[in-house]
Amino acid sequence: MRNLALLVLFAIGLSFAALPRIERYFIAQTGVREEATLNLATASLRGALSRTEALPALLAERPILSQILRDPDNQGLLPFANEQLRQTALSLDLADVYVMDLDGTTIAASNYRRETSFVGRNFAFRPYFTDALAQGRGRFHGLGITSGQRGYFFSAPIIDNTEVLGVVVVKILLDSFEQTWRDGDNTILVTDPSNVVFLSDREDWQFNTIGPVPEPAIEAINATRQYPLERLRPLNATRDSLGPTMEILRVEEAGETEEFVTNIGLIAAASWRVWVLTPTGPAIRQARQVLALLI
């Protein structure tokens, strides 16, 4: 009888010793199942960007944009140009469309009716302006200086014959993705090349950082006014590998720790990483239920 009891105790001890490995197995399986969620989130974002990318070059061919840049004080032409841009933004579901001269000053804009109109504002410090002139196209994501809205910007030069006259910029908003993500059981976020959380369904994580932000990146963020530097705070997180493509992420806030299994995908054109964070709690509970059946 005593030997049987010892065997039972030994078996229980072995089972509990194996618990961490059993938990990691179920956590890893959770990550495998959530690859579909990652693929969907990544494809949706990639599609939104690719649909808009070609628009600035197409808009730049409109004769009225060259005309207004050659004659920016023409008060008969300017209202027509502004209204045409406004109608374009409405019909294509764009946040803003605007035209800048070679100094970076906005000559016409779709939001000309608003108090936060871009008309007269200078955005020469934004990379989408300098890149459009230097490289023939530009793209940039950041917080709007005037609107305060996070957006993605695409741009192209406006050329009349062979003369570059200015730049046309298209801005789209991405916060609708965050609203959709909030309906799921996961936490989804997007980090940029500087490790800044640009999008997240958890509002308190926006502009947090996961990993170090290099000093040159800080200088570039400040120079381009991409984000408010005072809002860049490191997320109190630790990461452990769970295989070639997954990690366990632990986040500590207000004395409480949340643990997630992560799936990470890449949007190469924007140099973004998309993270799907799935709580490990259900997988751990399932592992313990399996262990209880084995004992």
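This one's a predicted model, so the numbers in the text were calculated from it and none came from an experiment. The residue count restarts for each chain, going from 1 along the sequence in the order it is written. A pLDDT threshold of at least 70 governs which residues receive local features in this predicted model, and a stricter bar of 80 or more applies before side-chain atom pairs are shown or counted, although totals over entire chains, interfaces and linings include all residues. Derived side-chain values reflect all non-hydrogen atoms in the structure, with water molecules and hydrogen atoms excluded from consideration.

Colleague: I tried to follow the overall build of the chain on my own but got confused; where do I start?
Modeller: A count of helices and strands for the chain gives nine helices and 13 strands. Taking 19 Å as the expected radius of gyration for a compact globule of 295 residues, we find that the chain reaches 26 Å, considerably beyond that expectation. Judged by the C-alpha coordinates and their principal axes, the chain covers about 105 × 35 × 35 Å. The 295 residues of the chain split such that 47% are buried. Each helix corresponds to a stretch of at least 4 residues labelled H or I by DSSP, and each strand to a stretch of at least 2 residues labelled E; elements are numbered beginning at the N terminus. For the radius of gyration, the atoms used are the C-alpha atoms, and the globule rule reads 2.2 Å times the number of residues raised to 0.38. For the exposure calls, accessible area comes from a 1.4 Å probe over protein chains only, and a residue counts as buried if that area is under 20% of its type's maximum, exposed if over 50%, partly exposed in between.

Colleague: I would appreciate a short explanation of the packing of helix α4 (residues 63-70) against helix α5 (residues 78-92) in the present structure.
Modeller: Two measures define how a pair of helices packs: the angle their axes make with one another and the distance between the axes. Following both chains from N to C, one finds α4 and α5 inclined at 140 degrees, their axes separated by 10 Å at the closest point. Here α4 lies oblique to α5, going by the angle between them. At the point where α4 passes α5, the crossing takes the left-handed sense. The residues of α5 that touch α4, namely those facing Ile64, Leu65 and Ile68, are Leu78, Phe80, Ala81, Gln84 and Leu85. Each residue is assigned to one class: nonpolar for Ala, Val, Leu, Ile, Met, Phe, Trp, Tyr, Cys and Pro, charged for Asp, Glu, Lys and Arg, and polar for all the others, Gly among them. Taken together, the residues of the contact of α4 with α5 break down into seven nonpolar, one polar and no charged. Only C-alpha atoms enter the line fits that serve as axes; for helices the fit covers just the stretch in contact. Angles between N-to-C directions range over 0 to 180 degrees. Each angle is binned into one of four classes, with values under 35 degrees roughly parallel, values over 145 roughly antiparallel, values of 65 to 115 roughly perpendicular, and all other values oblique. With the far helix as reference, a near helix turned anticlockwise by less than a right angle produces a left-handed crossing, and one turned clockwise produces a right-handed crossing. A contact between two residues is defined here by any heavy atoms of the two lying within 4.5 Å.

Colleague: Would you explain the side chain of Glu178 in this entry?
Modeller: For Glu178, the position within the fold is in helix α7 (residues 175-181). Overall, Glu178 belongs to the buried group, its relative accessible area being 1%. Excluding residues that lie within four positions of it along the chain, Glu178 makes contacts with Arg150, Phe198, Leu199, Ser200, Asp201 and Gln206.

Colleague: So what exactly am I meant to see when it comes to the pairing of strand β11 (residues 246-253) here?
Modeller: Successive residues of a regular strand alternate their side chains across the two faces of the sheet. Pairing between strands is defined by DSSP: at least two bridges between the two strands are required. In this structure, strand β10 (residues 237-241) lies alongside β11, joined through five bridges in antiparallel fashion. From the neighbouring strand, Arg239 faces β11, where its bridge partner is Leu249. Hairpin remark: β10 followed by β11, antiparallel, with four residues in the connecting loop; positive phi at Gly243, about 125 degrees. Relative to strand β12 (residues 256-267), β11 runs antiparallel, the two sharing eight bridges. Opposite Ile248, over in β12, you have Val261 as the bridge partner. Joining the antiparallel neighbours β11 and β12 is a turn of two residues, in which Ala254 adopts a positive phi near 50 degrees.

Colleague: Please explain the sheet that holds strand β2 (residues 106-109) as it appears in this structure.
Modeller: Two pairing modes exist for strands in a sheet, parallel and antiparallel, and in both the strands are linked by backbone hydrogen bonds. The strand order across the open sheet formed by five strands is β2-β1-β5-β4-β3, and the pairing between neighbours is antiparallel. Looking along the sheet, the strands with just one partner apiece sit at the ends: β2 and β3 (138-143). Ignoring which end each strand starts from, the neighbouring axes of this sheet average 25 degrees apart. Direction of pairing for β3 relative to strand β4 (residues 150-160): antiparallel, over a ladder of six bridges. Bridge pairing links Leu143 to Arg150 in β4.

Colleague: Even after reading the chapter, I still don't get unusual backbone geometry, so can you show me in this structure?
Modeller: The phi angle of most residues is negative, glycine excepted, and most peptide bonds adopt the trans form. In this structure, Asn161 takes a positive phi of about 60 degrees despite not being glycine. Assignment of secondary structure puts Asn161 in the loop between β4 and β5 (163-173). Taking the relative accessible area as the measure of exposure, Asn161 reaches 74% and is therefore exposed. Not every positive phi belongs to a glycine, and Phe207 is a case in point at roughly 75 degrees. Tracing the chain through its elements places Phe207 in the loop between β7 (197-200) and β8 (208-209).

Colleague: Is there a simple way to think about the environment of Phe260 in this case?
Modeller: Considering the arrangement of structural elements, one finds Phe260 in strand β12. Setting aside residues up to four positions removed in sequence, Phe260 forms contacts with Thr187, Arg202, Trp205, Glu247, Ile248, Leu249, Val251, Leu277, Thr278, Pro279 and Thr280.

Colleague: Sorry if this is basic, but what is going on with the pattern of salt bridges here?
Modeller: Side chains that differ in sign of charge can pair as their charged atoms come close. We define a salt bridge as a side-chain nitrogen of Lys or Arg found within 4 Å of a carboxyl oxygen belonging to Asp or Glu. Per the stated rule, a full pass over the model turns up 13 salt bridges. One salt bridge connects Arg114 with Asp96, and the closest N-O pair in it is separated by 3.6 Å. Placement of the pair is Arg114 in the loop between β2 and α6 (127-135) and Asp96 in strand β1 (residues 96-101), with a sequence separation of 18 residues. Judged by its relative accessible area of 46%, Arg114 is partly exposed. One connected set of salt bridges, linked through shared partners, spans Glu53, Arg137 and Arg139.

Colleague: Any chance you could explain a nonpolar patch on the surface here in plain terms?
Modeller: On the surface, a cluster of nonpolar side chains totalling about 300 Å² of accessible area is made up of Leu102, Leu133, Ile159 and Val164. Structurally, the position occupied by Leu102 is in the loop between β1 and β2. Residue Leu102 is classed as partly exposed on the basis of its relative accessible area, which comes to 46%. The patch calculation keeps residues exceeding 30% relative accessible area without a salt bridge and links them within 9 Å when they carry like charges or within 5 Å when they are nonpolar (Val, Leu, Ile, Met, Phe, Trp, Tyr). Accessible areas in this description were obtained via Shrake-Rupley with a 1.4 Å probe; residue shielding takes into account the shown protein chains only.

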